Amino acid sequence: MIDQDYLLDRLLQLVNTPSPVGMTGRAVALVDSWLRDLGYAPKYTRRGVLYVEVGGGAPKRALAAHLDTLGAMVTELKPNGRLALRNTGTWAARFAEGARVTIFTDTAEYRGTILPLKASGHRFNTEVDTQPADWDNLEIRVDAILPDRAALIAAGFNVGDMVAVDAQPEVVDGFIVSRHLDDKAGCAALLAVLKAVAEGQVQVAVPFQAMFTIAEEVGIGGTHGFGPEVEELLAIDNAVTAPNQASRDDAVTIAMRDRQGPFDAQMTRSMLTVCQREGIECERDTFRHYRSDSAAAVEAGWDIRVGLVCFSLDSSHGWERTHMASLIALSRLLAGYLQSDLTSASWQ
């Protein structure tokens, strides 16, 4: 039912398409073209969230995955011809050191590398090891002859230029190792399910929206775009595969709570029922330093039930890794959910 080759191909294309939060147009256009190829009619909110309505009639449920990724922005044109930068989205400076990047000016694209201020071992010796891992201690070395600030200005650089970090994906024995799997792996899984729906392999029980949000990494991805009849939202994002967490590489994770608080009990039970019915490997987990599009929707005041289902992810917001087994389990759960009736509200 789930086309695994399609899922992996879409994932690799997505992670290789720059879409740092604030500059998601290329990834949105790519997904738009894929949806049209499948026979869907993409729509957009004023803010640019891409969505399709499936099943006929007013959507009563929504599925959301986010296309935006972590990135950076130029904050200063430095006298030494390099660029100061600051993160967009929450990620640690230690994972930025050594990253290959593309800098997008108003008129051109330049390649470069994020380096600590003391990057030469032959010049700074052990000071390279003792300097702090901090955004104020990083700069971009642009791959162009730019000896000073005047040269940067002449080349068209500006404060506010967007910086996209290379994903550098690699597939090894079912593992996908890459930056930006959060949440392009979720988007790829959702696309694979939409393909199964378009081909008639998944029969939709309730009309739904499939949403590709563009600002989850700054907390506002799921704040809008739902049809007025939507009763429940299922966010699709990464699990936390780490010490003292229950999530694992070969299963889908049903999130019981995140930083905001518990998810809707009826929705989580519904997900667990689908997994039991379909024989899908799953784990329950709780996330203490994490929020998703579902939290954003609740905080924005939407009167909808919310849940969160996740693919495995080790080293989130760093050098990330997931596994095809988890992505397939997630996709099967989404397909089972779409074939199920609306979650019954219970206030007992």
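Undergrad: Would you mind going over empty space enclosed by the protein with me for this structure?
TA: Sizing a probe to match a water molecule and rolling it over the atoms shows the empty space that remains. One pass over the structure, following the stated rule, counts one cavity of 30 Å³ or more. Surrounding the largest cavity, Leu70, Gly71, Trp91, Val165, Arg179, His180, Asp182, Glu217, His317, Gly318 and Glu320 form its lining. For the lining of the largest cavity, a count of residues per class yields three nonpolar, four polar and four charged.

Undergrad: What am I meant to see in the layout of surface pockets here?
TA: Empty space within the largest pocket amounts to approximately 570 Å³. Around the largest pocket sit 20 residues that line it, and His289, Tyr290, Arg291, Ser316 and His317 are the ones nearest its centre. Its residues assigned to classes, the lining of the largest pocket shows six nonpolar, seven polar and seven charged. What lines the second largest pocket is a set of 16 residues, and nearest its centre among them are Asn16, Pro18, Val165, Asp166 and Ala167.

Undergrad: Looking at this structure, how should I read the sheet that holds strand E11 (residues 175-178)?
TA: Where strands meet in a sheet, backbone hydrogen bonds hold them as pairs that are either parallel or antiparallel. Across the sheet, which stays open at both edges, the three strands sit in the order E10-E11-E18 with antiparallel pairing between neighbours. In this open sheet, the two edge strands, each paired with only one partner strand, are strand E10 (170-172) and strand E18 (320-323). Each adjacent strand pair in this sheet contributes to an overall mean axis angle of 20 degrees, direction not counted. Examined bridge by bridge, E10 and E11 share three bridges and lie antiparallel to one another. Of the residues in E11, the one forming a bridge with Glu170 is Val177.

Undergrad: I keep staring at the packing of helix H7 (residues 265-278) against helix H9 (residues 324-338) and nothing clicks. Help me out?
TA: In a packed pair of helices, the relevant descriptors are the angle between the two axes and the axis-to-axis distance. Remark: H7 packs on H9, axes separated minimally by 9 Å, with the N-to-C direction vectors making an angle of 110 degrees. One finds that H7 runs roughly perpendicular with respect to H9. Each of Met267, Met271, Val274, Cys275, Arg277 and Glu278 in H7 lies in contact with H9, whose residues at this interface are Arg332, Leu333, Gly336 and Tyr337. Looking at side-chain class alone, the contact of H7 with H9 contains six nonpolar, one polar and three charged residues.

Undergrad: What is the right way to read the packing of helix H1 (residues 4-15) against H9 from this model?
TA: Interhelical geometry of H1 versus H9 gives an angle of 110 degrees and a closest axis separation of 11 Å. When the axis of H1 is compared with that of H9, the two are roughly perpendicular. Between H1 and H9 lies a crossing of right-handed hand. When H1 is examined against H9, the residues Gln4, Leu7, Leu8 and Leu11 are found in contact with a partner set consisting of Met324, Leu327, Ile328 and Ser331.

Undergrad: I tried to follow the side chain of Asp237 on my own but got confused; where do I start?
TA: Turning to its location among the elements, Asp237 is positioned in strand E13 (residues 232-238). For the buried Asp237, which has no salt bridge, the nearest side chain bearing the opposite charge is Arg291, at an N-O separation of 9.4 Å. When near neighbours in sequence (up to four residues on either side) are disregarded, Asp237 contacts His66, Asp182, Asp183, Glu216, Tyr290, Ser292, Leu308, Val309, Cys310 and Phe311.

Undergrad: Where do I start with H1 in this structure?
TA: Side chains of residues three or four places apart in an α-helix project in the same direction, reflecting 3.6 residues per turn. Between its first and last C-alpha, H1 extends 17 Å over 12 residues, near the 16 Å set by a 1.5 Å rise per residue. Here H1 has its buried residues at Tyr6, Leu7, Arg10, Leu11, Leu14 and Val15. With its buried residues spanning 150 degrees around the axis, H1 presents them on a single face. Buried-residue contacts for H1 involve helix H2 (25-37), E11, helix H6 (181-198) and H9. Sitting at the amino-terminal end of H1 is Asp3, which places a side-chain oxygen 3.2 Å from the backbone nitrogen of Asp5.

Undergrad: Can you walk me through the pattern of salt bridges in this structure?
TA: If the charged atoms of two oppositely charged side chains come close together, the side chains can form a pair. Overall, the coordinates contain 21 salt bridges when judged by the stated rule. One salt bridge connects Arg305 with Glu232, and the closest N-O pair in it is separated by 3.3 Å. Pair noted here: Arg305 is in strand E17 (residues 305-311) and Glu232 is in strand E13, with a separation of 73 residues, a long-range link. Shared partners join several salt bridges into a network, and the residues in it are Arg61, Glu231, Glu232 and Arg305.

Undergrad: Whenever I open this one, the side chain of Lys195 confuses me. Can you help?
TA: Of note, Lys195 is situated in helix H6. Residue classification places Lys195 among the buried residues on the basis of a relative accessible area of 12%. The contacts of Lys195, once residues within four sequence positions are left out, are Asp3, Tyr6 and Leu38.

Definitions and cut-offs
Residues numbered from 1 in each chain as written. Predicted model: local features only at pLDDT ≥ 70, side-chain atom pairs only at ≥ 80, totals over all residues. Heavy atoms only, no water. 1 Å grid on protein atoms, 1.4 Å probe; cavity = no way out; pocket = protein on both sides within 12 Å on 5 of 7 lines; lining within 4 Å. Points joined across faces, edges and corners; volume = space filled by probe spheres on them. Nonpolar A, V, L, I, M, F, W, Y, C, P; charged D, E, K, R; others polar. Pairing = 2+ DSSP bridges. Helix = DSSP H or I, 4+ residues; strand = E, 2+ residues; numbered from the N terminus. Axes fitted to C-alpha atoms, helices over the stretch in contact; angles between N-to-C directions. Parallel < 35°, antiparallel > 145°, perpendicular 65-115°, else oblique. Contact = heavy atoms within 4.5 Å. Left-handed = near helix turned anticlockwise from the far one by under 90°. Buried < 20%, exposed > 50% of the residue type's maximum accessible area, 1.4 Å probe, protein only. Lys, Arg positive; Asp, Glu negative; His and termini not counted. Salt bridge = Lys/Arg side-chain N within 4 Å of Asp/Glu carboxyl O. Expected span 1.5 Å × (residues − 1). Arc of directions from axis to C-beta. Polar contact = N/O pair within 3.5 Å; in protein donor to acceptor, adjacent residues only side chain to side chain.

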